[in-house]
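The primary structure of each chain is shown beneath.
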Amino acid sequence: MSLLSLQKAGIWKRISAYLFDMILTAMIVVGIAALLSAAFGYDTYTEKLEEYTNKYVQEYGIELDITQEEYNALSDAEKTQYEKANEAFGKDADVQATYEKIFSLGLSIVSISILSSYLILYFTIPLFLRHGRTLGKKIFGLAVVRTNCVKISGPVLFTRSVLGQGAIETMVPVMILTMMLFGVLGSVGPLVLFLLLVLQIVMICITQTNSAIHDLLADTAVVDYSSQKIFDSEEELIAYKTAEHEKLVSQNQDFGRLDSTAEPETIEQSEQE
């Protein structure tokens, strides 16, 4: 097998490393989010919104936070009262300001938490472990290289992990889900999420290196660390190719000389016969 070929990592090893890293990511995201929530006073705004809600519940004598089934079970008089309370609640300037603050803070906290976790787990640690290895990849014997078998540089690793995995594959879906949760985005959100999922699956299935979006963006591949030849630079790769070419030429020349020296003897033997 050629040293220049990509020793693609097994699918189960990749899945195992991915799950391990995702568990660590979730833990770090939750921790950072908790710290940011306390620092930005997120709970203060949620408590304030709850106070506004309770005020309208007491004033109109009906619950505002109900499901569609609970609403359908209300009497006509209760439905009328609910509509009045909900309309007054929605027009309250203080309620709207608090709601917008909760939305903006929530989106900011989630964004900062996720990007920070990716900077730690998928950029900083792989820089220390070298060859793009996260903790999960190190445990399961995987590495990340350029598709020409040259080791990845800092900018390439940043493109792959922070821009590809963090921004495109994670932050875009999270932002869409957050906007859907707050009722900001309609039916377009699920469609975009579905298309992203389909695109990711298709890329993994049809590409020769089974690459996800972030690997295609950075021109990288996940390989088996123990068997993969990794060149330190483009210059080392060129030097290796040159040496292999010269070696092949030399072998062909030696083979040609052996053929030429054997030919007279073959002719003489034929004449004797």
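Going by the structure above, here's the rest.
The following paragraphs examine the structure supplied in this document. Everything numeric here is computed off the predicted structure, so don't read it as measured data.

### Some remarks on helix H1 (residues 11–40)
For H1, with 30 residues, the first-to-last C-alpha span of 42 Å sits near the 44 Å given by 1.5 Å per residue. Among the residues of H1, those classed as buried are Arg14, Ala17, Asp21, Thr25, Val29, Ile32, Ala33, Leu36 and Ser37. Against the buried residues of H1 lie helix H2 (42–60), helix H5 (93–129), helix H6 (135–139), strand S1 (142–146), helix H9 (213–218) and strand S2 (220–224). Within two residues after H1, Gly41 carries a phi angle of roughly 70°, on the positive side.

### Thoughts on the environment of Ala34
Looking at the element boundaries, Ala34 is found in helix H1. Note on Ala34: relative accessible area 48%, which makes it partly exposed. Through-space distance from the C-alpha of Ala34 to that of Ser16 is 28 Å; in sequence the pair is 18 residues apart.

### Quick notes on the pairing of S2
The buried fraction of S2 is high, at five of five residues. Pairing analysis gives five bridges linking S1 to S2, with the strands arranged antiparallel. Looking at S2, one finds that Arg146 is bridged to Thr220.

### Structural notes on a nonpolar patch on the surface
On the surface, Leu119, Ile120, Phe158, Leu163, Ile168 and Leu217 cluster together into a nonpolar patch covering about 450 Å² of accessible area. Elements with a minimum of two residues in the nonpolar patch: H5 and helix H7 (154–181). With three residues, the top contributor of residues to the nonpolar patch is H7. Mapped onto the elements, Leu119 comes out in helix H5.

### Here we look at the pattern of salt bridges
All told, the structure shown has five salt bridges when counted by the stated rule. Measuring nitrogen to oxygen at the nearest pair gives 3.6 Å for the salt bridge that ties Arg146 to Asp219. In this pair, Arg146 sits in strand S1 while Asp219 sits in the loop between H9 and S2, placing the two residues 73 residues apart along the sequence. Between Asp215 and Arg160 there is a salt bridge whose closest N-O contact spans 2.7 Å. On the criterion of sequence distance, the pair formed by Asp215 in helix H9 and Arg160 in helix H7 is long-range, its members being 55 residues apart. For Arg160, a relative accessible area of 4% gives the class buried.

### Considerations on the nonpolar core
Judged by nonpolar contacts, the single largest core of 22 residues is most densely connected at Leu64, Tyr82 and Phe89. Every element with two or more residues in this core is listed here: H1, H2, helix H4 (76–91) and H5. Looking at this core element by element, the count peaks at six residues for H5. Here Phe89 is in contact with Leu49, Tyr52, Thr53, Tyr56, Leu64, Val95 and Gln96, once residues within four sequence places are set aside. In terms of nonpolar packing, the next biggest core, distinct from the first, is built from 11 residues, Ala9, Ala17, Ile152 and Val156 among them.

Basis of the calculations
Note on numbering: residues in each chain are counted from 1, in written sequence order. Local features in a predicted model are, by the rule used here, given only for residues with pLDDT of at least 70; side-chain atom pairs are given and counted only at 80 or more, and totals for whole chains, interfaces and linings are based on all residues. Derived side-chain values reflect all non-hydrogen atoms in the structure, with water molecules and hydrogen atoms excluded from consideration. Each helix corresponds to a stretch of at least 4 residues labelled H or I by DSSP, and each strand to a stretch of at least 2 residues labelled E; elements are numbered beginning at the N terminus. Expected span, for any helix, means 1.5 Å times one less than how many residues it has. Three exposure classes are used, based on accessible area relative to the maximum for each residue type with a 1.4 Å probe and protein chains only: buried under 20%, partly exposed in between, and exposed over 50%. Note on definitions: a residue-residue contact is assigned when non-hydrogen atoms from the two residues lie within 4.5 Å. Two strands are said to pair when DSSP picks up at least two bridges between them. Here a patch means residues that are over 30% exposed by relative accessible area and free of salt bridges, tied together within 9 Å if like-charged and within 5 Å if nonpolar (Val, Leu, Ile, Met, Phe, Trp, Tyr). Each accessible area value is a Shrake-Rupley result obtained with a 1.4 Å probe; residue values ignore everything except the protein chains displayed when judging cover. We count a salt bridge whenever a side-chain nitrogen from Lys or Arg sits within 4 Å of a carboxyl oxygen from Asp or Glu. What makes a nonpolar core is a set of buried Ala, Val, Leu, Ile, Met, Phe, Trp, Tyr and Cys residues whose side-chain atoms join them at distances within 4.5 Å.

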